[in-house]
Amino acid sequence: MLEELIRAWDGEQTVVHFDRASGTWMFVCLHSTRRGPAGGGTRMKAYADPAAALEDAMRLSAAMTLKMAAVGLPFGGGKAVLAVPALPEGEDRRHLLLRYSELVASLGGSFHTGPDVNTSPADMDVIAERCSYVYCRSEERGGSGDPGPHTALGVFHGIRASLGHEYGSPELEGRAVLVQGVGSVGAPLAELLSTAGARVLLSDVAVDRARVLADRIGATVVPPEDAVGTECDVFAPCALGGTLNAETIPRLRCRVVAGSANNQLAQPEDAARLRGAGILYAPDYVINAGGALNAIGVETLGWDRETSKQRVAAIGDTLAEIY
């Protein structure tokens with residue numbers, strides 16, 4: 001399977017390493033370096049098999065190529081996946097990250113990374129001990145910090161632009177928005193939506209986490225199994241990808257899909273299914289670019305925080321132009 005995936009892929013380079021000490025498969029996929037070094041996060045996750053992890057890294061890296069181009073950053077697309085037997089903690093995690101950092105450093109700057117699913121600015125601090133090609137270190141260590149709130153801000157402006165296209169007004173007052181997944185992006189997005197007057201619905205497999213947030217911002221909790229079929233104006237997938245597929249799209253009861261999750265479409269054909277259902281889709285690689293914009297803008301391009309906020313807000317303008 002690995003051989004078949006690599007042979008069929010349209011990217012530039014696939015780096016495969018097996019970390020015997022932890023039983024972790026490390027995949028670094030450089031999809032494109034035409035615009036600059038390949039940039040993308042490092043995802044840490046348990047997968048059914050190594051091929052599933054490699055396929056995930058390949059799809060994610062291709063989306064990063066589109067993301068960097070769509071928002072005008074001088075980078076290409078890449079992604080790394082650490083396919084762990086189980087999520088490590090403590091010293092085991094630290095030593096795994098240090099060994100991984102040596103792999104990234106060996107690529108000589110052709111790949112720059114940051115946090116992704118199950119990795120954090122604290123993890124980037126560890127990687128930076130042996131590798132300089134790292135974004136989103138903690139602010140105490142000279143980095144731009146957690147990308148989640150910046151991604152959320154971009155999605156917020158993307159939702160406004162999507163409402164403007166679909167309903168003729170970007171105003172959120174009274175609009176129902178279902179946020180699926182209330183982690184590092186979904187939670188701050190829900191707060192922004194609530195402050196803007198939206199009727200916020202929250203759904204997460206960690207039900208208690210959703211309830212705590214709902215109590216704080218005055219939202220309503222929707223059971224995870226009911227999220228896709230709940231009536232709303234905007235469905236905002238902010239968890240893992242692949243939620244939009246041949247089975248779920250006919251169940252959607254919304255006019256707009258606009259969320260932060262990567263690879264929301266299970267298959268390319270799902271875009272046509274959404275169009276056929278009369279649902280406006282905000283391309284995930286555009287609307288979720290706020291974290292990359294802030295990290296690269298602040299750490300490489302010399303932006304101040306106000307410039308970063310303006311560029312992230314302009315994601316809404318980019319979507320309006322696409323529509």
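Computed from a prediction, not measured in an experiment: that's the story for all the values here.

Peer 1: How do you make sense of unusual backbone geometry when you look at a structure like this?
Peer 2: Most peptide bonds take the trans configuration, and most residues that are not glycine carry a negative phi. The phi angle at Asn 118 is positive, at roughly 65 degrees, despite the residue not being glycine. With respect to the helices and strands, the residue Asn 118 is situated in the loop between β5 (111-115) and α4 (121-127). Exposure remark for Asn 118: the relative accessible area of 36% places this residue in the partly exposed category. Residue Asn 263 is not a glycine yet carries a positive backbone phi of 50 degrees. Among the structural elements, Asn 263 can be located in the loop between β10 (256-257) and α8 (270-276).

Peer 1: How should the sheet that holds strand β2 (residues 24-30) be read in this particular structure?
Peer 2: Strands pair in a sheet through their backbones, by hydrogen bonds, and they do so in one of two ways: parallel or antiparallel. In spatial order, the strands read β1-β2-β4-β3-β5; together these five strands make up an open sheet with mixed pairing. Of all the strands in the sheet, the pair left with one neighbour each is β1 (13-19) and β5. Averaged over all neighbouring strand pairs, the angle between strand axes comes to 20 degrees, with direction disregarded. One ladder, built from seven bridges, connects β1 with β2; its direction is antiparallel. When the sheet's bridge partners are listed, Thr 14 is paired in β2 with Cys 29. Across the sheet, helix α2 (residues 50-70) lies against β1, β2, β3 (38-45) and β4 (76-83), angled at about 155 degrees from β4, the strand it touches most. In the packing of helix α3 (residues 90-105) onto the sheet, contacts are made with β1, β2, β3, β4 and β5, and the angle to β2 comes to roughly 35 degrees.

Peer 1: In this structure, what is going on with the sheet that holds strand β7 (residues 199-203)? I would like to understand it.
Peer 2: Ordered by their spatial adjacency, six strands build an open sheet running β8-β7-β6-β9-β10-β11, and the pairing between neighbours is parallel. Edge positions in the sheet fall to β8 (220-221) and β11 (280-281), since each has one partner strand and no second. When strand β9 (residues 234-237) meets β10, the two strands line up parallel, connected through two bridges. Its bridge partner lying in β10, Phe 235 is registered against Val 257.

Peer 1: Could you clarify how one ought to interpret the packing of helix α11 (residues 305-313) against helix α12 (residues 315-322) in this entry?
Peer 2: To characterise two packed helices, one gives the angle between the axes of the helices and the distance between these axes. At a minimum axis distance of 4 Å, the contact between α11 and α12 shows a crossing angle of 20 degrees. One element, α11, and the other, α12, form an angle in the roughly parallel class. On α12, the residues that touch Arg 311, Val 312 and Ala 313 of α11 are Ile 315, Gly 316 and Asp 317. Of the residues that constitute the contact of α11 with α12, the class distribution is three nonpolar, one polar and two charged.

Peer 1: Please clarify how the environment of Ser 101 should be interpreted in this entry.
Peer 2: One can find Ser 101 in helix α3. Note on Ser 101: relative accessible area 0%, which makes it buried. Remark: the alpha-carbon pair of Ser 101 and Glu 129, spanning 28 residues in sequence, is separated by 8.1 Å. If we skip the residues at most four places from it in the chain, Ser 101 touches Ile 127, Arg 130 and Cys 131.

The rules behind each value
Per chain, residue numbering runs from 1 following the sequence as it is written. Per-residue local features of the predicted model are confined to residues with pLDDT of at least 70, and side-chain atom pairs are confined, for both listing and counting, to 80 or more; whole-chain, interface and lining totals are unaffected and use all residues. Calculation of side-chain values draws on the structure's entire complement of heavy atoms; hydrogens and water are dropped beforehand. Segments assigned H or I by DSSP are reported as helices when at least four residues long, segments assigned E as strands when at least two residues long, and all are numbered from the N terminus. Accessibility here uses a 1.4 Å probe with only protein chains present; expressed as a share of the type maximum, an area under 20% marks a residue as buried, one over 50% as exposed, and anything in between as partly exposed. DSSP bridges decide pairing: two strands pair if at least two such bridges lie between them. Structural elements are reduced to axes, namely lines fitted to C-alpha atoms, with helices fitted over the stretch in contact, and the angle between N-to-C directions of any two is expressed from 0 to 180 degrees. Residue contacts are defined here by distance: any two heavy atoms, one from each residue, within 4.5 Å place the two residues in contact. In these notes the angle categories are as follows: under 35 degrees is roughly parallel, over 145 is roughly antiparallel, 65 to 115 is roughly perpendicular, and the rest is oblique. Throughout, the ten residues Ala, Val, Leu, Ile, Met, Phe, Trp, Tyr, Cys and Pro are labelled nonpolar, Asp, Glu, Lys and Arg are labelled charged, and all others, Gly among them, are labelled polar.

Interpretation in functional terms is not warranted from these geometric data alone.
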